[in-house]
Amino acid sequence: ILGQTEAQARALEEALGGEHEWRGYVCMRYWHPMTDATVRSVARFAPDRIVLLPLYPQYSTATTASSFKAWNDLARFNVPTRTIESYPVEPGFIAASVELVRQGLTQAGKQPLRVLFSAHGLPERVIKAGDPYQSQVEQTANAIASAIGLDDWSVCYQSRVGPLKWIGPSTDSEIERAGSDKRSVVLYPLSFVSEHSETLVELDIEYRHLAHEKGVPTYIRVPTVGTHKLFIGGLANLVRSVL
């Protein structure tokens, strides 16, 4: 994930162009480079403006807000700092997603199928407390489905851990339902923008095995947007807009 995120940072620098000296820094919450190290790197660069750009398209207190807090607790820069809170329907992000999902549909061929938009789950109590994440995930899914003209699709949630009740339906239950309905599955992880254990293991290995076990005729997992030019162009537009 670090290599992919660095590639996104370099691609974003290139997309922003030569008008200014842009520098993209990777800052992670649970692996290196962590916030304190990135703050020190940014201090050495001595920028005149800072933009905090989350790689979470949909806002959540558990992810975006937590990352912003970690930065604000450590960063002491006397320059303007702007934040991009979320971009669930940003045109470049949606266009890149549409292109990738269409490729998955082409791969599936002419057979009865269902598109599953899988997102990382959250405990239900977080959403009931006012977190906008689920609503924004649904906005993303609606935008993609409308652009393609899908008639059989659903939003589902993966990566559940712990004893709390989580938002649903779960991705595994939707795969089981597709098997019961004899529908092939084209699955797109719309809340992730890079590949990691929750796509490469959970979706590509565990859920693929489940799909086979439950009688899903064909299971196709659509890749994340990564460094797709439309996605990176959309991020560049967001950065320009807040500056």
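Shown above is the structure to which this text applies.
Reading the values: rules and limits
- Residues numbered from 1 in each chain as written.
- Predicted model: local features only at pLDDT ≥ 70, side-chain atom pairs only at ≥ 80, totals over all residues.
- Heavy atoms only, no water.
- Pairing = 2+ DSSP bridges.
- Helix = DSSP H or I, 4+ residues; strand = E, 2+ residues; numbered from the N terminus.
- Axes fitted to C-alpha atoms, helices over the stretch in contact; angles between N-to-C directions.
- Parallel < 35°, antiparallel > 145°, perpendicular 65-115°, else oblique.
- Contact = heavy atoms within 4.5 Å.
- Nonpolar A, V, L, I, M, F, W, Y, C, P; charged D, E, K, R; others polar.
- Salt bridge = Lys/Arg side-chain N within 4 Å of Asp/Glu carboxyl O.
- Buried < 20%, exposed > 50% of the residue type's maximum accessible area, 1.4 Å probe, protein only.
- Expected span 1.5 Å × (residues − 1).
- Polar contact = N/O pair within 3.5 Å; in protein donor to acceptor, adjacent residues only side chain to side chain.
- Phe/Tyr/Trp six-rings, centres within 6.5 Å; stacked < 30°, edge-to-face > 60°.

**Notes on the sheet that holds strand E5 (residues 184–189)**
Each strand in a sheet pairs with its neighbour through backbone hydrogen bonds, running either in the same direction (parallel) or in the opposite one (antiparallel).
For step 1, the next point in the chain: Spatially, four strands are ordered E4-E3-E5-E6 in an open sheet, and the strand pairing comes out parallel. Edge strands, defined here as strands with exactly one partner in the open sheet, are strand E4 (153–158) and strand E6 (219–221). On average, each strand axis in the sheet is inclined to that of its neighbour by 25°, with strand direction left out of account.
For step 2, the next point in the chain: Relative to E5, strand E3 (residues 113–120) is paired through six bridges, and the arrangement is parallel. Across the sheet, Leu116 pairs through a bridge with Leu187, a residue of E5.

**Looking at the packing of helix H4 (residues 91–108) against helix H10 (residues 229–242)**
For step 1, the next point in the chain: Direction vectors running N to C along H4 and H10 enclose 170°, while the axes themselves pass 7 Å from each other. In terms of orientation, H4 and H10 fall into the roughly antiparallel class. Listed contacts from H10 to Gly92, Phe93, Ala95, Ala96 and Glu99 of H4 are Leu230, Phe231 and Gly234.
For step 2, the next point in the chain: Across the contact of H4 with H10, the residue classes break down as five nonpolar, two polar and one charged.

**Description of the pattern of salt bridges**
For step 1, the next point in the chain: The final tally for this structure, using the stated rule, is 13 salt bridges.
For step 2, the next point in the chain: Residue Asp73 is joined to Lys69 by a salt bridge in which the shortest nitrogen-to-oxygen separation is 2.7 Å. With Asp73 and Lys69 both in helix H3 (residues 61–74) and four residues apart, the pair spans about one turn of that helix.
For step 3, the next point in the chain: For Asp73, a relative accessible area of 44% corresponds to the partly exposed category.
For step 4, the next point in the chain: In this structure Lys69 comes out as exposed when scored by relative accessible area, which is 52%.
For step 5, the next point in the chain: A salt bridge links Asp152 to Arg114; its shortest N-O distance comes to 2.7 Å.

**Details of H4**
Residue pairs spaced three or four apart in an α-helix point in one direction, given the helix's 3.6 residues per turn.
For step 1, the next point in the chain: Given a rise of 1.5 Å per residue, 18 residues ought to cover 26 Å, and the 25 Å separating the end C-alpha atoms of H4 matches this to within 8%.
For step 2, the next point in the chain: Along H4, the residues classified as buried are Gly92, Phe93, Ile94, Ala96, Ser97, Val98, Leu100, Val101, Gly104, Leu105 and Ala108.
For step 3, the next point in the chain: For H4, the secondary structure elements touched by its buried residues are E3, helix H6 (133–148), E5, E6 and H10.
For step 4, the next point in the chain: The N-capping residue of H4, defined by a side-chain oxygen 2.7 Å from the backbone nitrogen of Gly92, is Glu90.

**Some points on the pairing of E4**
For step 1, the next point in the chain: Buried residues dominate E4, accounting for five of its six residues.
For step 2, the next point in the chain: Relative to E4, E3 runs parallel, the two sharing six bridges. When the bridges of E4 are listed, Leu116 appears paired with Ser154.

**Observations regarding the packing of aromatic side chains**
For step 1, the next point in the chain: Evaluated as defined, the whole model comprises five aromatic pairs.
For step 2, the next point in the chain: Here Trp71 and Phe77 contribute two aromatic rings whose centre-to-centre distance is 6.0 Å and whose plane-to-plane angle is 20°, an arrangement assigned as stacked.
For step 3, the next point in the chain: Between Phe117 and Trp153 the ring centres are 5.7 Å apart and the planes differ by 75°, which places this aromatic pair in the edge-to-face class. Within this pair, whereas Phe117 is found in strand E3, its partner Trp153 is found in strand E4, the two being separated by 36 residues in sequence.
For step 4, the next point in the chain: Owing to a relative accessible area of 0%, Phe117 belongs among the buried residues under this scheme.

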